Amino acid sequence: MAQAFFGGVHPHDMKAATNEKAIEQLAPPAVVVIPMSMHFGAPCTPLVKAGDHVKVGQKIGEFHGLGAPIHASVSGTVKAVEPRPYSMGGNIMSVVIDNDFQDEVSEEVKAPADPNALSVEEMVEIVKNAGIVGMGGATFPTHVKITSGIGKVSTVIINGAECEPYITGDHRTMLERPEEIIGGAKFLAKMFGVDKVVIGVEDNKQNGIDAMNKVIAEQKAPVVVEPLRCRYPQGGEKQLCQAITGRQVPPGGLPADIGCAVFNINTTCAIYRALTTGMPVVRKIVTVSGSGVVEPKNLECPIGTPVTNLLDACGGLKDGTFKLIAGGPMMGMAQYTADIPVAKGTGAILAFCENEEKTVENPQCIRCGKCVSVCPMHLEPLFMYQYASKGMVEELNDAHIMDCMECGACSYICPARMHLTHMFKTGKQLVKDKAAADRAAAEAKKKAEEAKEAAAK
Amino acid sequence: MTDYKNLKLIATSSPHIRAAENTRTIMLDVIIAMMPALIWAIVKFGFRALILTAVSVIGCIVFEWGYRKIMKKPQSVNDLSAVVTGILLAFVCPVNMPYWMILVGDFFAIVVVKQLFGGIGKNFINPALAGRAALVASYAGTMSGAWADPQAGWVPVVGTADVVTAATPLAYMKSGDMAGLTSQYSVTDMFLGNIGGSLGEISALLLIVGGLYLIWRKVISWHTPVAYIATVAVLTFLFPKGGADNVQFMLYSIFSGGLMLGAFFMATDYTTSPVTKTGQLIFGVGCGLLTVFIRYFGSYPEGVCYSIMIMNLVVALIDKAVKPSRFGVVKSANKEAAAK
Ligand code: SF4
Ligand code: SF4
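Note that the structure is predicted; figures quoted are calculated from it, not measured.

Caption draft 1: Main features of the overall build of chain A. Broken down by element type, chain A carries 13 helices and 17 strands. Scaling as 2.2 N^0.38, a compact globule of 457 residues should have a C-alpha radius of gyration of about 23 Å, and chain A matches this with 23 Å. Seen through its C-alpha atoms, chain A measures out along the principal axes to roughly 65 × 60 × 50 Å. Counting only residues that meet the buried cut, chain A has 56% of its 457 residues in that class. In chain A, the share of contacts with a sequence separation of at least 24, taken over all contacts with a separation of at least 6, comes to 74%.

If you want it as structure tokens, here you go:
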């Protein structure tokens, strides 16, 4: 068994609602709304305008700098290019396509003649053009992770921990499409030039582990499945690296700094599909669950499918549903509206109608220390909370608030129901603002001095 | 189908789920853990023990409620922490004290020590111990003079004039009279609780049972009680008084004077103990050292109460000094950073 990381919590995993339900194909939506920002980095520029005809897999958004291109997920006519609400909050420029239900595939989608004969550069190019990003929710462009990691990375890890409660999309993928995962893992091994890829899976998914092991044995693939202790946040990149290699990512660093690169299960499948069929990221598996959902399900749908279509396919929402979350219950974002589309990073849509959050009116820290013993980043949330609520930026820095990964473990465990994680989001912003202000002040000072010097000359 | 346009959605920050345990369930667990010792007190001292405890609990609730009402602060009695304080204070008082007297202690514990500093989580001294200290200072005769002898039957519910009193084991040990002690109480008496002493402290066994329950329920961790008791055990084993046998003296020491009550229920008080496990070990050892020191050299036989209160005062220092190692920074680098 792999090593452990410090801290963590054991929320009730609530996965039973969907983990025996096969991935269903959602009936094609009449309209898709494709946001131009579904990745970490600057939004894409739309390449189409209202009235254009588009086909599945056609590039409709081009990225600049850090990012990944965006493709049409259905064929049909562009109805509008306009700002629409999306799951990260606020509105974003989106391409709205009326589905013609023809499923015409774009000429741009070309399967490589022999995927196994591709060079590393060719593979990375295909990954880049396929618009692949971290599909676990982080949405970091995958081609950047690969190019920046080649040469540095000796351990390639596939993240099958799926430690967030409720979500079972990765688990179902392991059971239903293990060859895609293993195939993708083999390509990753080739790209990084490593002789082994490790798939980390929480040990509550034994049948998923078995399914993958069977394919590994059949294909004699250079892949090993490592069962991990079931504990949130086992699927955090840093915790996963720690559990598998025993090494800790340095503060402010990346897994590559300790020779690791981590890819999500669905990212790996997307790599496999792009390299074998040429199809970019146009579909997504979404777990729809939670107390507010009549019949929880795993659904596969085109990117841009309105969330309401998914909810309808699950029998709608129960009365009294007061919370709609894009993502898991620990780190997902609560939504103001159901009028949002599925994006590349949307692994789950949860609806709650019971008091899962168990809020209280006047949270009072009782100094129980539980938050300290669960923080996987070795922080002391109770003190950070005091500093953040008083705006004490220096103390926040000394308490290493920037190490906080906002995993929510401290808030989850806190018996006083303090809003710890929320306060740290604010606190981190304070620290960043202060640093920016300091930089600006320093620059202004330098400018003023230069001006003075120039004047003196 | 659902009317998605008119959903009343609340968009609060993550996480969206919370553990089942809250302040109230934790306090409830502490109350449950104290029940065996309370029942034992009733068995040994009679219903006066129950009534005194009830008076103390009601006193604490009323003072907490009243204070917050007058100060127009949100009510907090629902968290049950006042109930815990009430029981604990009764546990460290003699069963034959007048009922009104414990209310004075309640007032001091709840109003002066807890609420004036801002309520739960803000006080830096354990309220029950501070309440007891205030009573000892004000009514020394009652508080540390005559202890009802549980071997002489129940204490009357009303009037305490003819209570049979006995010296506590600590008094014998203080004077080094091991012969007197062993003839009065056997080690088994000490362990089970057939000895004189304050209301809830006499049965080491039942307090250990309660403590183990709290550890099992993850309300407390083992660090503080184990460090505390082990420190007292080692020191008293090494330096027995009055020419007593090492093991015998050690056993009498750890089973007496409310050490178990202090170690499991007082030193583990969240608000007044360190938040890191290492800090809790240091805290426990400190309590142990001070307890033995006071028992050996103090003018007063009992050391648990004051040693914990003294350690309460250095908790802030311990929390400052003991920090978790930073994630991703190896030990040596940590030290270098500290040296800078
Ligand atoms: S878990 Fe909550 S109550 Fe306990 S110390 Fe942390 S912030 Fe305070
Ligand atoms: S949210 Fe931040 S402080 Fe809280 S447990 Fe996670 S990493 Fe630690």
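Still to come is the rest of the account.
Caption draft 2: Quick peek at the site of ligand 1. C365, I366, R367, C368, G369, C371, L382, C414, P415, A416, M418 and L420 of chain A make up every residue found near ligand 1. The class makeup of the residues in the shell around ligand 1 is 10 nonpolar, one polar and one charged.

Caption draft 3: Highlighting a nonpolar patch on the surface. Residue and element names in this part refer to chain B. The grouping of F47, L50, I51, W154, V157 and V158 at the surface amounts to a nonpolar patch, some 570 Å² of accessible area in total. Following the sequence through the fold, I51 ends up in helix 2 (residues 47-70). Residue classification places I51 among the partly exposed residues on the basis of a relative accessible area of 33%.

Caption draft 4: Representation of the nonpolar core. By size, the foremost hydrophobic cluster in this structure holds 91 residues, and its most contacted members are Y228 and F265 of chain B. The biggest single contributor to this core is helix 1 (residues 23-45) of chain B, with 11 residues. Among all residues touching F265 of chain B, those that are not within four sequence positions of it are V30, A33, M34, L88, L207, G210, G211, L214 and M260 of chain B. Counting residues in each nonpolar core, the second largest holds 58 residues, with L118, I158, L188 and A256 of chain A among its members.

Caption draft 5: Region of the structure containing the packing of helix 1 (residues 120-129) of chain A against helix 4 (residues 178-192) of chain A. All names here are of chain A. One can describe the packing of helix 1 onto helix 4 by two numbers: an axis separation of 9 Å at closest approach and a directional angle of 125°. Taken together, the axes of helix 1 and helix 4 lie oblique to each other. For helix 1 against helix 4, the interelement crossing comes out left-handed. Mapping the contact onto sequence places V120, M123, V124 and V127 in helix 1 and F187, K190 and M191 in helix 4. Here the residues of the contact of helix 1 with helix 4 sort into six nonpolar, no polar and one charged.

Caption draft 6: Quick peek at the packing of helix 14 (residues 277-297) of chain B against helix 15 (residues 304-313) of chain B. All names here are of chain B. In contact at an axis separation of 8 Å, helix 14 and helix 15 are set at 140° when each is read in the N-to-C sense. It follows from the interaxial angle that helix 14 and helix 15 lie oblique. The two elements helix 14 and helix 15 meet at a crossing, and its hand is right-handed. Of the residues in helix 15, those touching helix 14 at I282, F283, G286, C287, L290, T291, I294 and R295 are V304, Y306, S307, I308, I310, M311 and N312. A class-by-class count of the residues in the contact of helix 14 with helix 15 yields 10 nonpolar, four polar and one charged.

Caption draft 7: Representation of the site of ligand 2 in the model. All names here are of chain A. Near ligand 2 you find 14 residues, and of these C375, C404, C407, G408 and C410 are the closest. Elements that contribute at least two residues to the shell around ligand 2 include exactly helix 12 (409-413) and helix 13 (420-456). The residue inventory of the shell around ligand 2, partitioned by class, reads 11 nonpolar, two polar and one charged.

Caption draft 8: Summary view of the interface of chain B and chain A. Listed per partner, the contact involves 44 residues of chain B and 67 residues of chain A. When chain B packs against chain A, close to 4,700 Å² is buried across both sides, 56% of that on carbon and sulfur atoms. Ranking the residues of chain B by area buried against chain A places H16, R18 and F327 of chain B at the top, with a combined share of 21%. Counting every contact that joins chain B to chain A gives three salt bridges. In this structure, D319 of chain B engages R367 of chain A in a salt bridge whose closest nitrogen and oxygen atoms are separated by 2.9 Å. Along the contact surface separating chain B from chain A lie 27 residue pairs in polar contact (both at pLDDT 80 or more). Only helix 1 and helix 16 (315-321) of chain B provide two or more residues apiece to the side of chain B that touches chain A. Of the residues contributing to the side of chain B that touches chain A, the split by class is 22 nonpolar, 13 polar and nine charged.

Caption draft 9: Structural detail: the pattern of salt bridges. Residue and element names in this part refer to chain A. A complete count under the given rule lists 19 salt bridges over all chains for this structure. Here K152 ties to D257 by a salt bridge, and the two come within 4.0 Å at their closest N and O atoms. Taken as a pair, K152 in the loop between helix 2 (142-149) and strand 9 (155-160) and D257 in the loop between helix 6 (237-245) and strand 12 (260-264) lie far apart in primary sequence, 105 residues in all. With a relative accessible area of 48%, K152 lands in the partly exposed category. Where E300 meets R177, a salt bridge forms, and the shortest distance between an N and an O atom there is 2.7 Å. With E300 in strand 14 (residues 297-302) and R177 in the loop between helix 3 (169-176) and helix 4, this residue pair connects regions lying 123 residues apart in the sequence. One network of salt bridges, in which partners are shared, links K55, E104 and E107.

What counts and what doesn't
- Residues numbered from 1 in each chain as written.
- Chains lettered and ligands numbered in written order.
- Predicted model: local features only at pLDDT ≥ 70, side-chain atom pairs only at ≥ 80, totals over all residues.
- Heavy atoms only, no water.
- Helix = DSSP H or I, 4+ residues; strand = E, 2+ residues; numbered from the N terminus.
- Rg over C-alpha atoms; globule rule 2.2 N^0.38 Å.
- Buried < 20%, exposed > 50% of the residue type's maximum accessible area, 1.4 Å probe, protein only.
- Contact = heavy atoms within 4.5 Å.
- Near = heavy atom within 4 Å.
- Nonpolar A, V, L, I, M, F, W, Y, C, P; charged D, E, K, R; others polar.
- Patch = residues over 30% accessible without salt bridge, like charges linked within 9 Å, V, L, I, M, F, W, Y side chains within 5 Å.
- Areas by Shrake-Rupley, 256 points an atom, 1.4 Å probe, with all protein chains shown as cover.
- Salt bridge = Lys/Arg side-chain N within 4 Å of Asp/Glu carboxyl O.
- Core = buried A, V, L, I, M, F, W, Y, C linked by side-chain atoms within 4.5 Å.
- Axes fitted to C-alpha atoms, helices over the stretch in contact; angles between N-to-C directions.
- Parallel < 35°, antiparallel > 145°, perpendicular 65-115°, else oblique.
- Left-handed = near helix turned anticlockwise from the far one by under 90°.
- Buried area = accessible area lost by both parts, 1.4 Å probe.
- Polar contact = N/O pair within 3.5 Å; in protein donor to acceptor, adjacent residues only side chain to side chain.

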